[in-house]
Amino acid sequence: MKLRPSVQVVTDVVNIVEIHLKIIGASFNYLGVRYRNGDVLTTNLRGGEAFTLAFCRRSPVHSEITLEGTRINCSAHCGVISGNCLHARMPMNCATKREQWVQMITGDIIAEMLMPLETLGTEFITINVIGRILLGEVKAMTTEPKTRITAFEADGKELYMDIEESWTTRLIDWNGTRYFKSDKPLSVIYLMIPACRLDNGRPGEDGDPSLCNIIPTPLFYDNYIWSTPAARAVEPKNFVCLVIKTVDKVHLRFDDLEVPDTMQWNSVIGAPYEIGNMEVARGTHTLYGTQLIKFGCYIYGLAMFYSYMNPAGFITSEINVKCTTSFDNMNPGDLIDNDCDQRIDEEIKDGLDNDKDNLIDEDLAKPPRRNGGWGEWLEWECVTGCLNYNFRRVRLCDNPAPENEGDDCQGNEFDVKGQNERDCGFGKMCPTDCPVGRWHYGCEKSCENCEQDCDKFNGNCTTCRPGFTDAASGCSQSCPQYTFGARCSGNCITKCMTECVDKISGACPPTPTNNMKYLWWLLLLLPIAIGIVYLLRKQSEIAANAEGER
């Protein structure tokens, strides 16, 4: 295999980029400076800029150049894409699966986003694909010297691979999909190799080289959503590959349904996991669990002279750093290793030790996603005389109700059927024909307490008249106890020291204090009245005496 490597650094903020070169087979000039193996290239980037170092040629490759082990440090967050802009290797024969000595294949471009050092792990599960005769290759890069990689056979026998130098790539050539671990962090990739060739030199299968990161198991997530690529001149077949514990398969949902029988499952050697592969239709797809489960998900596609492969997603938490427990600031689904066990959000808030580490509810996950389900149909309702059918019934999305970003129920909320008109109370007035202050079929219900007229089908009104409330149901309720007036904002206690007798105006009931006022007036007027009577009687007596004297 001959290589022409490339690396690109991208950023959305001001960044100082240091590239510690480990370059074999070449040197290069940049801004008048000659750079060789061991040199450090420093460049400044502004937001939205990229720096690219590439050894691409439009001619057959006769020598190998490698940047393996080159380290890139950024002063702020950055993305690094690396691969080969001119990949070349001798093709394999489809029948013998050995190199076929024909013209070397050139021109393939392969690249992948590199994992940050902080996300590198020590536990991995290799993957496989379907739709290919030739399987891909799994390669691991060490970060520290004297690294031991350990795999396990089905019978428990251990296999070892010791790598002395740091920043060295080794092929994981143990057969089969298997679990393996290392005593120091690794970066692991899956390389999809070129399509095999028939005896006549023509391709015998779909696909082309592509790179894909193998995600450490602690970074497996609990739900994924992805879309297949846009159609090309030759549209690829699209696939999904899952890595999941065998006991968790029953909880898995694909596009809100149980996983189809077309999923091809294979056991993982050395761990209670399985690898599942299946072809998927073009479009957008989802995978999630009905209970708390974590699993890996990869997507890939194959066509003549074309392929792609990527993780569908993963947790980007830092697991290759010194960990500090963070129980005090723990939030469900915070994607932080709160208990420093290199597992992330593995506990359910249930008062139990779910992960068997003698701690309870110490690294909480979000509750599982739950899609809505339809409840039972309610009673049929007659609507004759207004719509084009006689009976209607409804159902509620409450069995269960959607939770934790779950989807609403799919399908119709209403169901209709036609019946004999007389069986449905023929002649009911349509709500749209109801006069002001009335609503519902046959204008059976009142909304006369609304400030304006109400919705003729559900009785909703904007505001209620003073003294009334519950605008959503036609203002059918009087103001609650001890309130009155517009929007029931008046306070009877403040005004009357007791309940109002009128919920509209807030009039207070008669009180002993008010009666005393009348009594005092009566007492004041009584002497006056007696005096007037006395004067009138005296005047009458005087008049009578005068008459007698005559």
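Residues numbered from 1 in each chain as written. Predicted model: local features only at pLDDT ≥ 70, side-chain atom pairs only at ≥ 80, totals over all residues. Heavy atoms only, no water.

Engineer: Explain the overall build of the chain here, please?
Structural biologist: Scanning the chain from N- to C-terminus turns up two helices and 34 strands. Out of the 550 residues in the chain, the part that is buried amounts to 40%. Residue pairs at least 24 apart in sequence account for 62% of intrachain contacts in the chain once pairs closer than 6 positions are excluded. Only carbon and sulfur atoms are counted for the fraction: they give 52% of the accessible area of the chain, which is about 31100 Å². (Helix = DSSP H or I, 4+ residues; strand = E, 2+ residues; numbered from the N terminus. Buried < 20%, exposed > 50% of the residue type's maximum accessible area, 1.4 Å probe, protein only. Contact = heavy atoms within 4.5 Å. Areas by Shrake-Rupley, 256 points an atom, 1.4 Å probe, with all protein chains shown as cover.)

Engineer: Please explain the state of the cysteines as it appears in this structure.
Structural biologist: Covalent bonding between the sulfur atoms of two cysteines is what defines a disulfide. All chains considered together, the criterion is met by eleven disulfides. Across a sulfur-sulfur distance of 2.0 Å, Cys 464 and Cys 475 are joined as a disulfide pair. Between Cys 464 and Cys 475 the sulfur-sulfur dihedral comes to about -90 degrees; the bridge is accordingly left-handed. Of this pair, Cys 464 sits in the loop between strand 30 (445-446) and strand 31 (468-469) while Cys 475 is found in the loop between strand 31 and strand 32 (477-478), placing the two residues eleven residues apart along the sequence. The class for Cys 464 is buried, based on a relative accessible area of 13%. Residue Cys 475 is classed as buried on the basis of its relative accessible area of 0%. With a sulfur-sulfur separation of 2.0 Å, Cys 479 is cross-linked through a disulfide to Cys 488. Where Cys 479 bonds to Cys 488 through sulfur, the torsion about that S-S bond is close to -85 degrees, and the disulfide is left-handed. (Disulfide = S-S within 2.5 Å.)

Engineer: Help me out: how do you make sense of the pairing of strand 5 (residues 40-45) in this one?
Structural biologist: Successive side chains on a regular strand alternate, one facing one side of the sheet and the next facing the other. Judged by which residues are buried, strand 5 turns out to be one-sided: Leu 41, Thr 43 and Leu 45 face inward and are buried, whereas Val 40, Thr 42 and Asn 44, on the alternate face, are not. Sheet topology places strand 2 (residues 15-20) next to strand 5; six bridges connect them, and they run antiparallel. Each bridged residue has a counterpart across the sheet, and for Ile 19 the counterpart in strand 5 is Leu 41. (Pairing = 2+ DSSP bridges.)

Engineer: Is there a simple way to think about the packing of aromatic side chains in this case?
Structural biologist: How two aromatic rings sit relative to each other is set out by the distance from centre to centre and by the angle between their planes. Overall, the coordinates contain nine aromatic pairs when judged by the stated rule. An angle of 20 degrees between the planes, with centres 5.6 Å apart, marks the rings of Phe 124 and Phe 180 as stacked. Note that Phe 124 is positioned in strand 10 (residues 121-125) and Phe 180 in strand 15 (residues 179-192), a separation of 56 residues in sequence. One exposure class covers both Phe 124 and Phe 180, and it is buried. Aromatic ring contacts, followed pair by pair, group Phe 28, Tyr 35 and Phe 55 into a single cluster. Sitting above the plane of the Trp 265 ring, Lys 249 keeps its charged end 4.4 Å from the centroid. Sitting above the plane of the Tyr 288 ring, Arg 369 keeps its charged end 4.2 Å from the centroid. (Phe/Tyr/Trp six-rings, centres within 6.5 Å; stacked < 30°, edge-to-face > 60°. Lys NZ or Arg CZ within 6 Å of the ring centre and 35° of its normal.)

Engineer: How should unusual backbone geometry be read in this particular structure?
Structural biologist: The bulk of non-glycine residues show a negative phi, and the bulk of peptide bonds are trans. The omega torsion of the bond from Asn 399 to Pro 400 falls at 0 degrees, within 30 degrees of zero and hence cis. With respect to the helices and strands, Pro 400 occurs in the loop between strand 27 (391-394) and strand 28 (414-417). Its identity is not glycine, yet Cys 488 carries a phi of approximately 55 degrees, on the positive side.

Engineer: Quick question: what am I supposed to make of the environment of Ser 489 here?
Structural biologist: Note that Ser 489 resides in the loop between strand 33 (483-484) and strand 34 (490-491). A relative accessible area of 58% means that Ser 489 is categorised as exposed.

Engineer: Which parts of the structure should I look at to understand the sheet that holds strand 27?
Structural biologist: The strands that make up a sheet pair up through hydrogen bonds in the backbone, lying either parallel or antiparallel. Reading across from one edge, 26-27-28 is the order of the three strands in this open sheet, with antiparallel pairing throughout. Two strands bound the open sheet, and with one partner strand each, they are strand 26 (381-382) and strand 28. Bridge count for strand 27 against strand 28 is four bridges, and the pairing is antiparallel. Paired with Arg 392 across the two strands is Val 416, which belongs to strand 28.

Engineer: Help me understand the nonpolar core, please; the structure alone is not making it clear to me.
Structural biologist: The nonpolar side chains of a soluble globular protein tend to be buried with one another. Core analysis: the biggest nonpolar cluster contains 42 residues, and Ile 149, Phe 180, Tyr 190, Tyr 298 and Met 309 have the highest contact counts within it. Elements represented by at least two residues in this core include exactly strand 10, strand 11 (137-142), strand 12 (147-152), strand 13 (158-163), strand 15, strand 18 (237-245), strand 22 (273-280) and strand 24 (296-303). Per element, the largest residue contribution to this core is six residues, and it comes from strand 15. Phe 180 has contacts with Thr 122, Glu 123, Phe 124, Thr 126, Ile 149, Thr 150, Ala 151, Ile 172, Trp 174, Leu 186 and Val 188, leaving out every residue within four places of it along the chain. One finds Val 240, Ile 244, Phe 254 and Ala 312 within the second-largest nonpolar core, a separate group that totals 20 residues. (Core = buried A, V, L, I, M, F, W, Y, C linked by side-chain atoms within 4.5 Å.)

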